[in-house]
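Here is how the chains run, residue by residue.
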Amino acid sequence: MRILFCSDALTIDGVTSYILNVGAALKRAGHEVAVLGRWAGSGFQARYRHEGFTVISCPSVSVGNMYFDFRAKHFRPDVIMTDPRRSFPLAVRIKKLTGAPVITYFLDPVEKTDRPGRDIPSLVKYSDVFTAFERNILAQLHELNAPTPIVKMTRPLDVFFAPSELPERENFSILCFGRLSRYKTPGIFHMLDNINIIREKIPDFTINILGGGGWRLYKLKYFAHTVNRKMGRKCLNIIGAQDNPRSWIERANVVFASATSAMEAAYSQRPVIAMCSGYFGRVAPKNLNEAVNSYFSERYADKDFSGLLDDLFSIYDSYNDSEFVNSLREVSCMLGREFSERETVRAFNELCSLVSKGAAFSFLNHAPA
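Values in this document were obtained by computation on a predicted structure and should not be read as measured data.

Undergrad: Let's hear about the overall build of the chain: which residues, and what values?
TA: Each helix and strand counted, the chain has 15 helices and 13 strands in total. Relative to the globule expectation of 21 Å for 369 residues, the C-alpha radius of gyration of the chain, 22 Å, shows essentially globular dimensions. Expressed as lengths along the three principal axes of its C-alpha atoms, the size of the chain is roughly 80 × 40 × 35 Å. A total of 369 residues make up the chain; the buried ones form 55% of that total. With an accessible surface of roughly 16,900 Å², the chain has 51% of that area assigned to carbon and sulfur atoms. Side chains of the chain carry 46 positive and 38 negative charges; the gap between the two charge centres is 7 Å.

Undergrad: Which residues make up the packing of aromatic side chains, and what values go with them?
TA: Taken as a whole and judged by the stated rule, the model has 12 aromatic pairs. Ring centres of Phe 133 and Phe 339 lie 5.7 Å apart, and the angle between their planes is 90°; this geometry places the pair in the edge-to-face category. Residue Phe 133 is found in the loop between strand 6 (129–132) and helix 6 (135–143), and its partner Phe 339 is found in the loop between helix 14 (322–338) and helix 15 (341–366); the two are separated by 206 residues along the sequence. Both residues of the pair, Phe 133 and Phe 339, count as buried. Seen in terms of ring centroids, Phe 280 and Tyr 300 are 5.5 Å apart; in terms of plane orientation they differ by 75°. Their pairing is edge-to-face. Taken together, the residues Phe 280 in strand 13 (residues 279–282) and Tyr 300 in the loop between helix 12 (288–293) and helix 13 (308–317) connect sequence positions 20 residues apart. Residue Phe 280 is classed as buried on the basis of its relative accessible area of 12%.

Undergrad: Requested: an account of the side chain of Asp 311, with residues and values cited.
TA: With respect to the secondary-structure elements, Asp 311 resides in helix 13. Contact partners of Asp 311, with chain neighbours within four places excluded, come to Ile 273, Tyr 279, Gly 281 and Arg 282.

Undergrad: Any chance you could break down unusual backbone geometry for me, citing the residues and the numbers?
TA: The residue Arg 76 is not glycine, and still its phi comes out positive at about 55°. You can see Arg 76 is positioned in the loop between helix 3 (66–75) and strand 4 (79–82). At Asn 145, a residue that is not glycine, the phi angle is positive and equals roughly 55°. Checked against the element boundaries, Asn 145 lands in the loop between helix 6 and strand 7 (150–152). Judged by its relative accessible area of 69%, Asn 145 falls in the exposed class.

Undergrad: Describe the packing of helix 11 (residues 259–267) against helix 14, with residues and values.
TA: Helix 14 packs onto helix 11 with a crossing angle of 120° between their chain directions and a minimal axis gap of 8 Å. Between helix 11 and helix 14, the crossing angle belongs to the class labelled oblique. Between helix 11 and helix 14, the residues in contact are Met 263, Ala 266 and Tyr 267 and Leu 328, Val 331, Ser 332, Leu 335 and Gly 336, respectively. Per-class residue counts for the contact of helix 11 with helix 14 are six nonpolar, two polar and no charged.

Undergrad: Kindly report on the confidence of the model for the chain, identifying the contributing residues and their values.
TA: Averaged over every residue, the pLDDT of the chain is 91; residues scoring 70 or more account for 96%. Strand 11 (residues 254–257) holds the highest mean pLDDT among the elements of the chain, 98, whereas helix 15 holds the lowest, 73. Long-range and interchain partners of residues 360–369, a stretch whose pLDDT sits below 50, account for zero contacts in this model, where long-range means more than four residues apart.

Undergrad: Tell me about the nonpolar core, residues and numbers included.
TA: Counting 60 residues, the largest nonpolar core has Phe 5, Leu 26, Tyr 48, Met 81, Val 283, Phe 296 and Phe 348 as the members making the most contacts within it. In terms of residues, this core owes the most to one element, helix 1 (residues 14–28), which gives seven residues. Not counting residues up to four positions away in its chain, the partners in contact with Phe 5 are Ile 19, Val 22, Gly 23, Leu 26, Val 33, Ala 34, Val 35, Leu 36, Met 81 and Tyr 105.

Undergrad: Let's hear about the packing of helix 3 against helix 4 (residues 88–98): which residues, and what values?
TA: At their nearest, the axes of helix 3 and helix 4 sit 10 Å apart, and the two run at 50° to each other. Considering the angle they form, helix 3 stands oblique to helix 4. Crossing geometry of helix 3 relative to helix 4 is assigned as right-handed. Contacts between helix 3 and helix 4 involve Met 66, Phe 68, Asp 69, Ala 72 and Lys 73 from the former and Leu 90, Arg 93, Ile 94, Leu 97 and Thr 98 from the latter. Its residues placed into classes, the contact of helix 3 with helix 4 shows six nonpolar, one polar and three charged.

Undergrad: How would you explain the layout of surface pockets if you had to name every residue and give the values?
TA: In this structure, the largest pocket occupies an estimated 1,100 Å³ of space. Along the wall of the largest pocket there are 47 residues; nearest its centre are Ile 12, Asp 13, Gly 14, Val 15 and Arg 179. Those elements giving two or more residues to the lining of the largest pocket turn out to be strand 1 (2–9), helix 1 and helix 11. Sorting elements by how many residues they give to the lining of the largest pocket places helix 1 first, with five residues. Broken down by class, the residue content of the lining of the largest pocket amounts to 16 nonpolar, 16 polar and 15 charged.

What counts and how
- Residues numbered from 1 in each chain as written.
- Predicted model: local features only at pLDDT ≥ 70, side-chain atom pairs only at ≥ 80, totals over all residues.
- Heavy atoms only, no water.
- Helix = DSSP H or I, 4+ residues; strand = E, 2+ residues; numbered from the N terminus.
- Rg over C-alpha atoms; globule rule 2.2 N^0.38 Å.
- Buried < 20%, exposed > 50% of the residue type's maximum accessible area, 1.4 Å probe, protein only.
- Areas by Shrake-Rupley, 256 points an atom, 1.4 Å probe, with all protein chains shown as cover.
- Lys, Arg positive; Asp, Glu negative; His and termini not counted.
- Charge placed at Lys NZ, Arg CZ, Asp CG, Glu CD.
- Phe/Tyr/Trp six-rings, centres within 6.5 Å; stacked < 30°, edge-to-face > 60°.
- Contact = heavy atoms within 4.5 Å.
- Axes fitted to C-alpha atoms, helices over the stretch in contact; angles between N-to-C directions.
- Parallel < 35°, antiparallel > 145°, perpendicular 65-115°, else oblique.
- Nonpolar A, V, L, I, M, F, W, Y, C, P; charged D, E, K, R; others polar.
- pLDDT = per-residue confidence, 0-100.
- Core = buried A, V, L, I, M, F, W, Y, C linked by side-chain atoms within 4.5 Å.
- Left-handed = near helix turned anticlockwise from the far one by under 90°.
- 1 Å grid on protein atoms, 1.4 Å probe; cavity = no way out; pocket = protein on both sides within 12 Å on 5 of 7 lines; lining within 4 Å.
- Points joined across faces, edges and corners; volume = space filled by probe spheres on them.

And the structure:
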């Protein structure tokens, strides 16, 4: 089957990461995968090509253009996959050109918008199947009472990540992983405000901050220069955006993250403290379901970060305990059962079955008597 993913711009973000992971799983299942979107600087293009994707991209002021039309028609997609936001009008445009059905995947809560072509009536009218994996988003889709079929499809964690043994506690590496937006950085700044307390408890610590973020990236680089000079050593590193964070996760002793970044770290058997604009805290087997439902603090509203240092120090103190290591393995196993390549492919096959039935139903309804 030929699958065409539509993307607004091929930068490093949640949508393009989803395309990489899901697309790689489907490619390995024997499908042909292409990604279409505007060129906007460095992103996942190289990794897409490495996985065997066809990459259709060019500089463009608008989301769609005649070049995209030509290449999409030449690719002849059997299905089009898109998020419901900026790339959705592009997917509709290609659907009209090729006749391919549209699978719309929701990575964020259903948003009512008046933007032409991205409003809920348009999503319902032009989508052949809705898909999501978060329980609350699936509930929102059902509340639309639309005729569009809804299927749960998780993104696979085991395509590019794998559980690995913890590094030694010496030279304790703290990884903050995620986009450096105003929404995702309150916990990082809380940590940096208390960096002297961290030094007292963990003298050999290093904080690595991984992620892109415009002017905040440069602000943090300047702050790091000041902190490192005061500390007399390089203990704060601002890494910037990386298209493959696996090695950074494997070297980390603890990971502060939210959403998919937190899931990838937890699946890799690293201790995870989930935080975003709100604070969830240390992820463990007993609260994993709650962590998943909050998308590892991405949807969490608690603004109190006062427990952050206690959670960090509890991980440091119990780092070599067998109970601690076993809890990391249990979290990894629990995530691996649901967010696996096999489950993604199974759900995609279900989606395709629904699309095929819908096409047959439409043909029968419109066939001449």
